[in-house]
Structures are given as C-alpha cells and as structure tokens.
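Chain residues, written in single-letter form:
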Amino acid sequence: MQTDDNARHAQKMARIKTARDKMMQQKQGEKGLVIVHTGKGKGKSSSGFGMILRCIAHGMPCAVVQFIKGAWDTGERRLLTGHFGDLCQFHAMGEGFTWETQDRARDIAAARAGWDKAKALIRDPAIRMVLLDEINIALRYDYLDLDEVLAFLRDEKPVMTHVVLTGRNAKPELIALADLVTEMEQVKHPFRDGIKAQAGVEF
C-alpha cells in the first residue's frame, strides 16, 4: 500500500513539474517593478525591508526613504546604516506619525522633502531598488500630490529600477499602476490585548 501511495505521489509531482517547467519557459522577461505592500495587517514595511536585504545579498545598490518613522530608533535602520551603508542608503525623512506632530504644514514639508530625495534616488541608474516606507500614509493625507507620484513612476523611473511603496490605504490609482500588489490582512494583533509595540517585532 505504501509503495502504491509513493508511486502515485511521484507521478503527480512529475506532472506538476512538467507543467511548471513549461510555464517558466514562457516567462523570460525582466523589468523594474512598482511594488505595493498595503492593508491593515502587519508586515508591510517588514516585507519591504526583506526585499532590501535580498538586494544587499546580491550586491545590488539600494536605498530606503522613510516617510513617517524618521524619529524612531528602528532595528532595520541600525542594521542597514551600521553594516551595509556601502550598499544601502538610508534616509529617515519623517518626524513621526501625524497624530504626534499635529502640524499639517510640517508634515507636508517633511513628506515633500522625502519625495524629493526619493526621486533623486530612483533616477540614479546605479540604484536597483528604492523602498518608500509608509509613503501611502503621506498620499492618504494628501501630503503629496498623487498625480505627480503616479506620473513620475510611470514616465521617469528607469526601466530596471524596482520601487517598493508601503503603508495602509494605498490609493486605487497606485494599485492600478503597480506591477505587484500585496494586501496584508489582519487576523489577530496583540495590540488589542494590551501588548505594546516591541523591539524586534514592530521596530
């Protein structure tokens, strides 16, 4: 009986491998992607930083622009600036969450400075990936002009440069423009049980 099960499993996997090999032969193109991580669940920035670490592992120059968490002493910032500054530029442009600053003009100025830095980094052909961490929040509150951001990504981004945009409530127009979109769904979160943000998990 075990032998029959093993034989059926081997045959099934062989069929799947044949189909997968055929599918992969048809996918030979490469391009710089516009990637959006959004949704109410945790993991949007974490996933973006995971991609940055992949770039570093491949020796690919990359950059991070943080639009909100600039005042935070985060683990990712320590790691990237302390150990991989030769491959990854890190620019913390935000001043904290909007409810902390309570100053719209100041938030707009910080977001604008972040976007100007982001454009310069994206235009640099030597940089292969740029992570725009929490830019969706700046777009949600209209701190940045959505049409300008869309036009830049569509018309000025170098062909082989990847741009990753994170944050809740990604605009539908940005989702439509993007090549890859992932929505993080929240199932459970310890914050609801009185557990605060913790080092190594949230920052």
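Fair warning: this is a prediction, and the values are worked out from it, not measured in the lab.

> Quick one: what's the story with the sheet that holds strand β6 (residues 180–183), residue by residue and with numbers?
An order of β3-β2-β4-β5-β1-β6 is seen for the 6 strands of this open sheet, with the pairing classed as parallel. Only two strands of the sheet have a single neighbouring strand rather than two, namely β3 (88–92) and β6. Along the sheet, successive strands turn relative to each other by an average axial angle of 10 degrees, direction set aside. In this structure, strand β1 (residues 34–38) lies alongside β6, joined through 4 bridges in parallel fashion.

> Quick rundown of a negative patch on the surface? Include the residues and the values.
The grouping of D142, D145, D147 and E173 at the surface amounts to a negative patch. Take D145: it is sitting in the loop between α6 (135–140) and α7 (146–155).

> Tell me about the packing of helix α5 (residues 104–123) against α7, residues and numbers included.
α7 packs onto α5 with a crossing angle of 10 degrees between their chain directions and a minimal axis gap of 12 Å. Classified by the interaxial angle, the pair formed by α5 and α7 is roughly parallel. Contacts from R112, W115, K119, I122 and R123 of α5 reach α7 at E148, V149 and F152.

> I'd love a proper account of helix α2 (residues 44–57), names of residues and values included.
Along its 14 residues, α2 runs 20 Å from first to last C-alpha, staying within 8% of the 20 Å computed at 1.5 Å per residue. Looking at the packing, one finds that the buried side of α2 touches β1, β2 (62–66), α3 (75–83), β3, β4 (129–133) and β5 (162–166). Of the residues trailing α2, G59 is marked for its positive phi of about 70 degrees.

> For a positive patch on the surface, give the residues involved together with the corresponding values.
Judged by side-chain charge, K40, R140, R168 and R192 come together as a positively charged surface patch. With respect to the helices, strands and loops of the structure, K40 is situated in the loop between β1 and α2.

Rules of the game
- Residues numbered from 1 in each chain as written.
- Predicted model: local features only at pLDDT ≥ 70, side-chain atom pairs only at ≥ 80, totals over all residues.
- Heavy atoms only, no water.
- Pairing = 2+ DSSP bridges.
- Helix = DSSP H or I, 4+ residues; strand = E, 2+ residues; numbered from the N terminus.
- Axes fitted to C-alpha atoms, helices over the stretch in contact; angles between N-to-C directions.
- Patch = residues over 30% accessible without salt bridge, like charges linked within 9 Å, V, L, I, M, F, W, Y side chains within 5 Å.
- Areas by Shrake-Rupley, 256 points an atom, 1.4 Å probe, with all protein chains shown as cover.
- Salt bridge = Lys/Arg side-chain N within 4 Å of Asp/Glu carboxyl O.
- Lys, Arg positive; Asp, Glu negative; His and termini not counted.
- Charge placed at Lys NZ, Arg CZ, Asp CG, Glu CD.
- Parallel < 35°, antiparallel > 145°, perpendicular 65-115°, else oblique.
- Contact = heavy atoms within 4.5 Å.
- Expected span 1.5 Å × (residues − 1).

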